[in-house]
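# Observations on chain architecture
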Amino acid sequence: MKNAILLFILLVFGTVASAQHGKVFESLEFKSNLVHYPVEYSIYLPPDYYTSERSYPVLYLLHGYSDDETGWIQFGEANRISDEGIANGDFPPCIIVMPDGKVSWYINSADGNDPWEDMFIQEFIPFIEKEYRIRSKKEFRAIAGLSMGGNGSLLLAMRNPDLFTSCVAMSAGTFTDEEIIANDQYDAYFKNIYGAKPKNDVSEHWKANSPLHLLDSVDIKKLKSIRWYIDCGDDDFLYKGNSALHVKMRNLEIPHQYRVRNGGHEWSYWRTGLFDGLKFIADDFHR
């Protein structure tokens, strides 16, 4: 009898404990008509997704250079951080979508062979928000990312300001023109996507996809309709572009949060920063 009671208690508490965890599905595939490859993505569904009929806010969370759609789960522990924040009431249940951006820098390539941004905006977002119970309005849609994905989140939000209510850029791979002009590794990291670099200048395609240049070309009122959060470590090699972004946004009087914490370009920094980033996003989602 005692064993039966103990088993019952274990089952009950086990069920309660498991109900507090969201579901993660990794490396699902979306078939695009715009790019020539299947687009893989991972998704986090909040703990009550399968026990409710409600619709949820959504965060598109972008990975860094050379990583893929599994990075934020495998190394960033985004699911654990989300579970804990939801359980503690720090932010409301939210669906997190993590697409594979390959090394596209989340833009349309200069040669037109890989229109990643067009795929993401025109096909992927509509597919996701039809496939899952998502509130498909700007006020319930956010974007965030680290490194290449931090830069991607900035430029996608700036180029599509009517889509996103907030943007969290961590250790963004945002470079000043001076850094790019002096970069002797440009061909290895950027040429296939941004095109050849003019002598002593940056290309027009670079300018069209640079957050620092987009601050000059996008309607300032639209930029101010997005809540911005920039976070870069004091030992991060990307400090110049992130600092320049902060200074320029200050000069343009674009409200934003700017964080410099102790740390470098590493997962330990992004894991510890993701909670605050999610909490910042939640200020829009949580009414």
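First things first, this report covers the structure right here in the doc. (Residues numbered from 1 in each chain as written. Predicted model: local features only at pLDDT ≥ 70, side-chain atom pairs only at ≥ 80, totals over all residues. Heavy atoms only, no water.)

This brings us to the overall build of the protein. In terms of helices and strands, the protein carries 13 helices and 8 strands. For a compact globule of 287 residues, the expected C-alpha radius of gyration is about 19 Å, and the protein comes in at 20 Å, within 12% of that figure. Based on the C-alpha atoms only, the size of the protein along its principal axes is roughly 85 × 40 × 35 Å. A total of 287 residues make up the protein; the buried ones form 52% of that total. Of the roughly 13,600 Å² of accessible surface on the protein, a fraction of 52% belongs to carbon and sulfur atoms. Charged side chains in the protein number 29 positive and 40 negative. The centres of these two groups are separated by 5 Å. (Helix = DSSP H or I, 4+ residues; strand = E, 2+ residues; numbered from the N terminus. Rg over C-alpha atoms; globule rule 2.2 N^0.38 Å. Buried < 20%, exposed > 50% of the residue type's maximum accessible area, 1.4 Å probe, protein only. Areas by Shrake-Rupley, 256 points an atom, 1.4 Å probe, with all protein chains shown as cover. Lys, Arg positive; Asp, Glu negative; His and termini not counted. Charge placed at Lys NZ, Arg CZ, Asp CG, Glu CD.)

With that out of the way, let us pick up the pattern of salt bridges. This structure, assessed with the given rule, holds 11 salt bridges. The salt bridge partner of E204 is K207, with a shortest N-O separation of 3.5 Å. Of this pair, E204 and K207 both sit in helix α9 (residues 204-208), separated by 3 residues, roughly a single helical turn. Linked by salt bridges that have partners in common, E77, R80 and E84 make up one network. (Salt bridge = Lys/Arg side-chain N within 4 Å of Asp/Glu carboxyl O.)

Applying the stated criterion across every chain yields a total of 24 aromatic pairs. Judged by centre distance (5.1 Å) and plane angle (45 degrees), the rings of W105 and F190 are tilted. On the criterion of sequence distance, the pair formed by W105 in the loop between β4 (95-99) and α4 (116-131) and F190 in the loop between α7 (186-189) and α8 (191-194) is long-range, its members being 85 residues apart. When the centroid spacing of 5.9 Å and the interplanar angle of 25 degrees are considered together, the rings of F120 and F124 count as stacked. You can see F120 and its partner F124 sitting in helix α4, 4 residues apart, about one turn around the helix. (Phe/Tyr/Trp six-rings, centres within 6.5 Å; stacked < 30°, edge-to-face > 60°.)

Attention now moves to the environment of V168. Structurally, V168 is set in strand β6 (residues 166-170). By relative accessible area, which is 3% here, V168 ends up buried. Remark: the alpha-carbon pair of V168 and L61, spanning 107 residues in sequence, is separated by 9.2 Å. The residues touching V168, leaving out its near neighbours within four places in the chain, are I143, A144, G145, S153, Y229, G277, F280 and I281. (Contact = heavy atoms within 4.5 Å.)

Looking at the largest pocket, its volume works out to about 180 Å³. Residue classes in the lining of the largest pocket are distributed as 8 nonpolar, 4 polar and no charged. (1 Å grid on protein atoms, 1.4 Å probe; cavity = no way out; pocket = protein on both sides within 12 Å on 5 of 7 lines; lining within 4 Å. Points joined across faces, edges and corners; volume = space filled by probe spheres on them. Nonpolar A, V, L, I, M, F, W, Y, C, P; charged D, E, K, R; others polar.)

Right, let's talk about the sheet that holds strand β8 (residues 256-259) for a bit. Read from one edge of the open sheet, 8 strands run β1-β2-β4-β3-β5-β6-β7-β8, paired in mixed fashion. At either margin of the open sheet sits one strand with a lone partner, and together these are β1 (23-30) and β8. The average angle at which neighbouring strand axes cross in this sheet is 15 degrees, direction not considered. Where β6 lies against strand β7 (residues 227-231), 5 bridges are found, and the strand directions are parallel. Residue pairing across strands places M170 opposite D231, the latter belonging to β7. Where α4 meets the sheet, it contacts β1, β2 (39-45), β3 (58-62), β4 and β5 (141-146), and its direction lies at approximately 145 degrees from that of β3. Docked against the sheet, helix α13 (residues 267-285) engages β3, β5, β6, β7 and β8, running at close to 170 degrees with respect to β6. (Pairing = 2+ DSSP bridges. Axes fitted to C-alpha atoms, helices over the stretch in contact; angles between N-to-C directions.)

Quick look at the packing of helix α3 (residues 78-87) against α13 now. Where α3 meets α13, the axes come as close as 10 Å, and the angle between the chain directions of the two elements is 45 degrees. Taken together, α3 and α13 sit at an angle that is classed as oblique. Here the hand of the crossing between α3 and α13 comes out right-handed. Between α3 and α13, the contacting residues are A78, I81, S82 and G85 on the first element and R271, L274, F275 and L278 on the second. (Parallel < 35°, antiparallel > 145°, perpendicular 65-115°, else oblique. Left-handed = near helix turned anticlockwise from the far one by under 90°.)

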